[in-house]
Amino acid sequence: MTHLWIRAEERPNEERVGLLPDGVGALLNKGMRVTVEDSAVRALRLDPYAEAGAEIAEAGSWRTAPQDAIIFGLKELPLDGLPLKHRHIMFGHAYKGQSDGRELLKQFRAGGGALYDLEYLVDETGRRVAAFGYWAGYAGAAVSLKCWAAQQRGGICGPVGVYPGQQALLDDLGAELAATNETPPNALIIGAKGRVGTGAADLCAAMGVKTTLWDMEETAHGGPFPEVLDHDLFLNCILARPGTPVFVPASAKTDTRRLSVIGDIACDPSSDFSPIKVYDRVTDWAAPALRVHDDPVLDVTAIDNLPSMLPAESSEDFASQLLPSLMTLDTLADGVWGRAKAEFDRHVAEI
């Protein structure tokens, strides 16, 4: 019997979950077994999972789960060096040259487990079957605007946190922008036709921010892209991969520019393919802005779990996209799961 084990997230500021209670019912009806760990921070209550028929376990008990359980979480696990013996579904951030990713793969190799990376669950055409992109774009644009507002006050963006819902975010951000008494900035969004770019554009529209929307056609010539420097905000919504052009070179720090905030929503600065060369590390909820130049000021925000700012909306969206694939876990060697396993095998063999 296929056994799916939903672990409690162990990353700070992570309240999302990839399976809803109605999904538990669907999997049980398919003949699967579902265990859900308790969590003190998950945005959704535990009771509906139990009522749907899930078995309940203590947070962190996946480490002693039965060997045949498939462990499902969203964000990567702590790099504690312990061998990983289970099959894991999560965002591993391990295949693009990231130093932490290499260590994670070593843990899998040592334990004999396997990673089914959510970023590499793709259909026959190579399109991802589930993504948090829309809400990442929405929240990323919001944080970028918070960075701009802080600059108008002569400072740098302070801590950000979780919102109970979309309207609460809009109300808070609107008040912050209004308090600057400045005309809203303008923004260039690259990747505007994708999920991430659509979310970013929708947030900007709600805040009265004029946007320039670019996608593949506008970036096909490979650069340089001086237009980026002519906008107040630049929002990168394209995942780094081989062949991605450089949108912001290192020289942008000192070049003549209007640009003062970069929102790297795709957020992969340690990748060899990062298109933004003015910074080299992610930011976080406590310090969302990294000041990379003082005169003229240039801040970068690059938070790697942005959808967690709106955990209820983003969990519902992602879980609905992923459920059809979870329903096929009983044929793990085929389809999206087989393709993800092949990707893991290829990368683990290279370390």
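Residues numbered from 1 in each chain as written. Predicted model: local features only at pLDDT ≥ 70, side-chain atom pairs only at ≥ 80, totals over all residues. Heavy atoms only, no water.

Chemist: Can you lay out the environment of Thr-301 for me, pointing to particular residues and giving the numbers?
Modeler: Mapped onto the secondary structure, Thr-301 falls in strand 12 (residues 297–301). Since its relative accessible area comes to 5%, Thr-301 is described here as buried. It is 6.6 Å that separates the C-alpha atoms of Thr-301 and Ser-144, two residues lying 157 residues apart in sequence. With residues up to four places along the chain from it excluded, the contact list for Thr-301 reads Val-143, Ser-144, Cys-147, Ile-262, Gly-263, Asp-264, Thr-283 and Pro-288. For Thr-301, the side chain forms a polar contact with the main-chain oxygen of Pro-288, separated by 2.9 Å. (Helix = DSSP H or I, 4+ residues; strand = E, 2+ residues; numbered from the N terminus. Buried < 20%, exposed > 50% of the residue type's maximum accessible area, 1.4 Å probe, protein only. Contact = heavy atoms within 4.5 Å. Polar contact = N/O pair within 3.5 Å; in protein donor to acceptor, adjacent residues only side chain to side chain.)

Chemist: Give me the lowdown on the pairing of strand 6 (residues 114–117), citing residues and values where you can.
Modeler: Burial along strand 6 is two-sided: the residues Ala-114 and Tyr-116 and Leu-115 and Asp-117 are all buried. Where strand 5 (residues 87–90) lies against strand 6, four bridges are found, and the strand directions are parallel. Its bridge partner lying in strand 6, Met-90 is registered against Asp-117. (Pairing = 2+ DSSP bridges.)

Chemist: How would you sum up helix 9 (residues 335–348)? Please name residues and give values.
Modeler: Look at helix 9: 20 Å from first C-alpha to last across 14 residues, which is about the 20 Å you get at 1.5 Å a residue. Among all positions in helix 9, only Val-336, Trp-337, Gly-338, Ala-340, Phe-344, His-347 and Val-348 are buried. Contact partners of the buried residues in helix 9: strand 5, helix 3 (99–111), strand 6 and helix 8 (311–326). (Expected span 1.5 Å × (residues − 1).)

Chemist: So what's going on with the packing of helix 3 against helix 9? Which residues, and what values?
Modeler: When two helices pack together, their arrangement is given by the angle between their axes and by how far apart the axes lie. Between helix 3 and helix 9, whose axes approach to 10 Å, the crossing angle comes to 100°. On the basis of their axis angle, the class for helix 3 and helix 9 is roughly perpendicular. Of helix 9, the residues touching helix 3 (which contributes Leu-105, Phe-108 and Arg-109) are Phe-344, His-347 and Val-348. Among the residues forming the contact of helix 3 with helix 9, the class breakdown is four nonpolar, one polar and one charged. (Axes fitted to C-alpha atoms, helices over the stretch in contact; angles between N-to-C directions. Parallel < 35°, antiparallel > 145°, perpendicular 65-115°, else oblique. Nonpolar A, V, L, I, M, F, W, Y, C, P; charged D, E, K, R; others polar.)

Chemist: I'd like to hear about the pairing of strand 5, residue by residue, with values.
Modeler: Relative to strand 5, strand 4 (residues 70–72) runs parallel, the two being bridged by three bridges. By the bridge assignment for strand 5, Ile-70 is matched with Arg-87. Regarding topology, helix 3 serves as the crossover connection from strand 5 to the parallel strand 6, and that connection is right-handed. (Right-handed = clockwise from strand over helix to strand, strands pointing away.)

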